[in-house]
Amino acid sequence: MDQPLDQFVSELQAKLQELKIGVLRIEEIDEENGKIVLTVAEDADCSGLPVLGETVCNYDEGFISGILSCYSGKNYTAVEIDCWATGDRVCRFNAEIEENDQ
């Protein structure tokens, strides 16, 4: 963690837009407990998919887990809770530090 969280998030947002992966937005953050709720709009994986009845952004879960783990030095797990494929207009993820790493 060699830069403040807000600077890291800002740079990540810019890079995701530049690479046309999606528009990242942090909805909630609890730095003390390592819990983050974030959304990715215009998600390259699934924006525009029909309603399939299940979340489909497994790649994004792994990507978010990995990037937060690298940034923080703690093992993060991200789980998609809302998705285009479940009828939502953004993909929403809960990310938190794995229990054995707290």
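It should be emphasised that the depicted structure is a prediction, and the values quoted were computed from it without experimental measurement.

### Thoughts on the sheet that holds strand β3 (residues 76–82)
Sheet architecture is open: 4 strands sit in the order β1-β2-β4-β3, paired in antiparallel fashion. The open sheet has two edge strands with one neighbour each: β1 (23–30) and β3. Taken over all neighbouring pairs, the strand axes of this sheet differ in orientation by 25° on average, direction set aside. Direction of pairing for strand β2 (residues 35–41) relative to strand β4 (residues 91–97): antiparallel, over a ladder of 6 bridges. The residue of β4 that forms the bridge with Thr39 is Arg92. In this fold helix α2 (residues 58–72) packs onto β2, β3 and β4, with an angle of close to 145° to the strand it touches most, β3.

### Comments concerning the packing of aromatic side chains
If you walk through the whole model with that rule in mind, you get 2 aromatic pairs. Where Phe8 meets Tyr71, the ring centres are 4.1 Å apart and the plane angle is 20°; that geometry is what we call stacked. In this pair, Phe8 is assigned in helix α1 (residues 5–18) and Tyr71 in helix α2, connecting sequence segments 63 residues apart. Just as Phe8 is buried, Tyr71 falls in that class too.

### Overview of the pairing of β2
Burial within β2 is extensive, with 6 of its 7 residues counted as buried. Strand direction decides the pairing type here: β1 and β2, joined by 7 bridges, are antiparallel. Paired with Val23 across the strands is Ala41, a residue of β2. Linkage of β1 to β2, two consecutive antiparallel strands, is achieved through a turn of 4 residues, within which Gly34 is found at a positive phi near 70°.

### A word on α1
When the terminal C-alpha atoms of α1 are compared, their 20 Å separation across 14 residues agrees well with the 20 Å that a helix rising 1.5 Å per residue should span. Turning to α1, its buried residues are Leu5, Phe8, Val9, Leu12 and Leu16. What you see down the axis of α1 is that its buried residues fit within an arc of 95°, all on one side. In α1, the exposed positions angled more than 90 degrees off the buried face are occupied by Asp6 and Glu18. Turning to α1, the residues buried within the fold contact β1 and α2.

### Side note on the pattern of salt bridges
Summed over all chains, the structure comprises 4 salt bridges. Between Glu27 and Arg25 there is a salt bridge, and its shortest N-O distance comes to 3.5 Å. According to the relative accessible area criterion, Glu27 is partly exposed, its value standing at 29%. Across the pair Asp82 and Arg92 runs a salt bridge whose closest N-O atoms are separated by 2.6 Å. Of this pair, Asp82 sits in strand β3 while Arg92 is found in strand β4, placing the two residues 10 residues apart along the sequence. As far as burial versus exposure is concerned, Asp82 and Arg92 are alike and both buried. Because the salt bridges share partners, they merge into one network encompassing Arg25, Glu27, Asp82 and Arg92.

What counts, and at which threshold
- Residues numbered from 1 in each chain as written.
- Predicted model: local features only at pLDDT ≥ 70, side-chain atom pairs only at ≥ 80, totals over all residues.
- Heavy atoms only, no water.
- Pairing = 2+ DSSP bridges.
- Helix = DSSP H or I, 4+ residues; strand = E, 2+ residues; numbered from the N terminus.
- Axes fitted to C-alpha atoms, helices over the stretch in contact; angles between N-to-C directions.
- Contact = heavy atoms within 4.5 Å.
- Phe/Tyr/Trp six-rings, centres within 6.5 Å; stacked < 30°, edge-to-face > 60°.
- Buried < 20%, exposed > 50% of the residue type's maximum accessible area, 1.4 Å probe, protein only.
- Expected span 1.5 Å × (residues − 1).
- Arc of directions from axis to C-beta.
- Salt bridge = Lys/Arg side-chain N within 4 Å of Asp/Glu carboxyl O.

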